[in-house]
Amino acid sequence: PRTKHPLSSAMSLALASSSLALNVAPRSGPVKAVAAEPVASKADFAYGLPGNIAPAGNFDPANLLEGTSKSEVYRWREAELTHGRVGMLAAAGFLVQEGFHPLFSADGGPAIEQIPALPPAIWFLMTLGIGICETLRIQKGWENPYSGDGQENIQKLKADYYPGDLGFDPLGLKPTDPAELREM
């Protein structure tokens, strides 16, 4: 019979609640277009963001883009790319851990029960690493929510920021020509 680690339930609850609480701002309703900001038109699908390819083309079956501001569409794309990157890292980590797991003895059951058994120093280092990465991402693309008179900068991307472009290209693969980048 397996015995449950006394901190596993508390740790799981703490992680779940903290992940739900991050990046959530109170709102009275959905964010819609500001009067001076253009809204999506049929001529320029998703404000020219890449992703509408054959055979689907301009795929928006729920008509989410209708009347949605450019800043909101860009914010959605930023969230889509961020969650996609986390998902890719998780999938890679899931495959790698099958053959290489230096932190676990591999005899304590499933990973969900082994993770809370990690030493506190590992938890601190993981939290610090994730915090540094998120801080850099937020500083690169997001407006300061404390600047301005009201709440106009909450969950707002910087005007000169393109969703997903964190400037990280150590191999120099990103094309400098905008047409080539669009093709890529």
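Here the structure is a predicted model, which is why all the values come from computation and not from measurement.

Cut-off values and rules
Per chain, the residues get numbers from 1 upward, laid out in the order the sequence is written. Residue-level local features of this predicted model are given only where pLDDT is at least 70; pairs of side-chain atoms are given and counted only at 80 or more, and the full residue set underlies all totals for whole chains, interfaces and linings. Hydrogens and water are ignored here; the side-chain numbers use all heavy atoms of the structure. Numbering of helices and strands starts at the N terminus; helices are DSSP runs of H or I of at least 4 residues and strands are runs of E of at least 2. Here the expected span of a helix is defined as 1.5 Å times the quantity of residues minus one. What makes two residues a contact is simply this: any of their non-hydrogen atoms within 4.5 Å. Two rings from Phe, Tyr or Trp (for Trp, the six-membered ring) form a pair when their centres are within 6.5 Å of each other. A pair whose planes differ by under 30 degrees is stacked, one over 60 is edge-to-face, and the rest are tilted. Residue burial is assigned from relative accessible area. The probe radius is 1.4 Å, only protein chains are included, and a residue is buried under 20% of its type maximum, exposed over 50%, and partly exposed in between. Salt bridges are defined by distance alone: a side-chain nitrogen of Lys or Arg within 4 Å of a carboxyl oxygen of Asp or Glu.

Participant: Please explain helix α2 (residues 70–96) as it appears in this structure.
Facilitator: With 27 residues, α2 should reach 39 Å at 1.5 Å per residue; the first-to-last C-alpha distance of 39 Å fits that figure. Against α4 (120–141) lie the buried residues of α2.

Participant: Explain the packing of aromatic side chains here, please?
Facilitator: We describe a pair of aromatic rings using the distance from one ring centre to the other and the angle between the two ring planes. Counted by the stated rule, this structure contains one aromatic pair. An angle of 80° between the planes, with centres 6.0 Å apart, marks the rings of Tyr74 and Tyr162 as edge-to-face. Residue Tyr74 is found in helix α2, and its partner Tyr162 is found in the loop between α4 and α5 (178–183); the two are separated by 88 residues along the sequence. Residue class for Tyr74 comes out buried when judged on its relative accessible area of 13%.

Participant: So what exactly am I meant to see when it comes to the pattern of salt bridges here?
Facilitator: A side chain with one charge may pair with a side chain of the opposite charge, provided their charged atoms come close. Taken as a whole and assessed by the stated rule, the structure comprises five salt bridges. In this structure, the salt-bridge partner of Glu80 is Arg77, at a minimum N-O distance of 2.9 Å. Remark: Arg77 and Glu80 occur in helix α2; sequence separation between them is three residues, near one turn of the helix. In this structure, the salt-bridge partner of Glu134 is Arg137, at a minimum N-O distance of 2.9 Å. Of the two residues, Glu134 and Arg137 both sit in helix α4, three residues apart, roughly one turn of that helix. A relative accessible area of 31% places Glu134 in the partly exposed class.

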